[in-house]
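Here is what each chain is made of, one letter per residue.
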Amino acid sequence: MDSVRQWAFGICAAAIACALAQLILPKSSMQRVFNITCGVFFLGCLLSPVVLPSAAVELTPPESIQRQIEEKAGRLESAVEEGAQERATESVRLEAMRALRDMGVSYNKIYINVHDDGQGGISISECEVELDRSYLPRHNEIRAALTERLGVRVLIGYDDKGVTS
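Positions within a chain are numbered from 1, following the residues in the order the chain's sequence is written. Whole-chain, interface and lining totals are the exception, using all residues; otherwise, since this is a predicted model, local features are given only for residues with pLDDT of at least 70 and side-chain atom pairs are given and counted only at 80 or more. As a convention, hydrogens and water are excluded, and side-chain values are obtained from all of the structure's heavy atoms.

### Side note on the nonpolar core
Then step 1. Think of a nonpolar core as a cluster: buried Ala, Val, Leu, Ile, Met, Phe, Trp, Tyr and Cys residues, connected wherever their side-chain atoms sit within 4.5 Å. Throughout, exposure labels follow a simple rule: accessible area from a 1.4 Å probe, protein chains only, divided by the maximum for the residue type, with under 20% read as buried, over 50% as exposed, and the rest as partly exposed. Membership of the largest hydrophobic core comes to 20 residues, with the highest contact counts inside it found for Leu-100, Cys-127, Leu-131, Ile-142, Leu-146 and Leu-150.
Then step 2. Mapped by element, the contributors of at least two residues to this core are α3 (63-103), β1 (107-116), β2 (122-131), α4 (139-150) and β3 (153-158).
Then step 3. The greatest single-element share of this core, amounting to five residues, is contributed by α3.
Then step 4. Whether two residues touch is decided by their heavy atoms; if any such pair falls within 4.5 Å, the residues are in contact. If we ignore the near neighbours within four places in the chain, the residues touching Leu-100 are Val-105, Tyr-107, Ile-110, Val-129, Ile-142 and Leu-146. Secondary structure counts use DSSP, requiring at least four H or I residues in a row for a helix and at least two E residues in a row for a strand, with both numbered from the N terminus.

### Structural notes on a nonpolar patch on the surface
Then step 1. Residues Val-4, Trp-7, Leu-43, Leu-46, Leu-47, Val-50 and Val-51 make up a contiguous nonpolar surface patch of about 640 Å² in total accessible area.
Then step 2. Among the elements of the structure, α1 (2-24) and α2 (31-51) are those that each provide at least two residues to the nonpolar patch.
Then step 3. A per-element tally of the nonpolar patch places α2 first, with five residues.
Then step 4. One can find Val-4 in helix α1.
Then step 5. Classification of Val-4 by relative accessible area gives partly exposed; the value is 46%. A residue counts toward a patch only above 30% relative accessible area and without a salt bridge, and it is joined to like-charged neighbours within 9 Å or, for Val, Leu, Ile, Met, Phe, Trp and Tyr, to nonpolar neighbours within 5 Å. To be clear on the numbers: accessible area is Shrake-Rupley with a 1.4 Å probe, and residue cover counts the displayed protein chains and nothing else. Salt bridges, as used here, are contacts in which a Lys or Arg side-chain nitrogen is within 4 Å of a carboxyl oxygen on Asp or Glu.

### As for the environment of Ala-19
Then step 1. Among the structural elements, Ala-19 can be located in helix α1.
Then step 2. The spacing of Ala-19 and Asn-35 is 16 residues in sequence and 9.9 Å in space, taken between C-alpha atoms.

### Focus: the pairing of β3
Then step 1. β3 sits mainly inside the fold: five of its six residues count as buried.
Then step 2. Whether two strands pair depends on DSSP finding at least two bridges between them. Bridge count for β2 against β3 is six bridges, and the pairing is parallel. Among the inter-strand pairings, Cys-127 is bridged to a residue of β3, identified as Val-154.
Then step 3. For the crossover from β2 across α4 to β3, the handedness is right-handed. Look down the strands so they point away from you; if going from the first strand over the helix to the second traces a clockwise path, that crossover is right-handed.

### Thoughts on α4
In an α-helix, one full turn covers 3.6 residues, which means residues spaced three or four apart are oriented alike.
Then step 1. Take the number of residues in a helix, subtract one, and multiply by 1.5 Å to get its expected span. The first and last C-alpha atoms of α4 sit 16 Å apart over twelve residues, in line with the 16 Å expected at 1.5 Å per residue.
Then step 2. Taken residue by residue, α4 has His-139, Ile-142, Leu-146 and Leu-150 as its buried positions. The arc that holds the buried residues of α4, viewed along the axis, is 75°, so those residues lie on one side. Opposite the buried face of α4, by more than 90 degrees, sit the exposed residues Asn-140 and Glu-148. The arc under discussion is defined with respect to the helix axis, by the directions toward the C-beta atoms.

### Things to note about the side chain of Gln-31
Then step 1. Relative to the elements of secondary structure, Gln-31 occurs in helix α2.
Then step 2. A relative accessible area of 14% means that Gln-31 is categorised as buried.

### Considerations on the sheet that holds β3
Then step 1. In spatial order, the strands read β1-β2-β3; together these three strands make up an open sheet with mixed pairing. Sheet topology places β1 and β3 at the edges, where each strand pairs with a single neighbour. The mean angle between the axes of side-by-side strands here comes to 20°, regardless of whether they run parallel or antiparallel.
Then step 2. Of the pairings in the sheet, the one linking β1 to β2 comprises nine bridges and is antiparallel in character. Within the sheet, the bridge partner assigned to Lys-109 lies in β2 and is Glu-130. Under this scheme, a helix contributes an axis fitted over its contacting stretch, all axes are lines through C-alpha atoms, and angles between N-to-C directions fall in the 0 to 180 degree range.

Given below as structure tokens:
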């Protein structure tokens with residue numbers, strides 16, 4: 001029933017379009033050619049359900065293709081999440097490096113612990129910094145400055161006896 005309604009609307013729209021075009025076209029020798037063209041167009045619209053059979057379009061892919069699509073989407077999502085984690089980790093690491101440089105502290109290693117929060121996001125739980133033993137007297141100052149600048153829990157370890165706090 002819906003297709004009959006669409007067909008009737010198409011005929012009405014074609015008739016209105018042809019009538020408006022004839023009104024706009026000035027009287028000239030091309031008028032006869034235009035009238036024939038409009039007639040053929042209108043006849044085509046009138047006979048379209050008979051001449052052009054309706055094609056059924058199936059939008060659901062077969063199961064195997066659907067499975068492949070889901071697998072590729074999963075891999076893409078995983079790659080995006082990994083990229084986001086790497087960017088976040090590197091961003092925090094660079095900020096920690098700047099903070100240590102600003103304090104005149106040289107570091108051995110900086111580790112950033114990042115976790116998936118289960119809702120498509122990530123959370124940075126802590127930053128671990130390994131320093132030379134010579135910075136042990138400044139431990140509280142360095143830790144407080146890093147915690148304030150990074151906004152995460154900071155653990156400082158020392159390379160020679162593994163003291164961690």
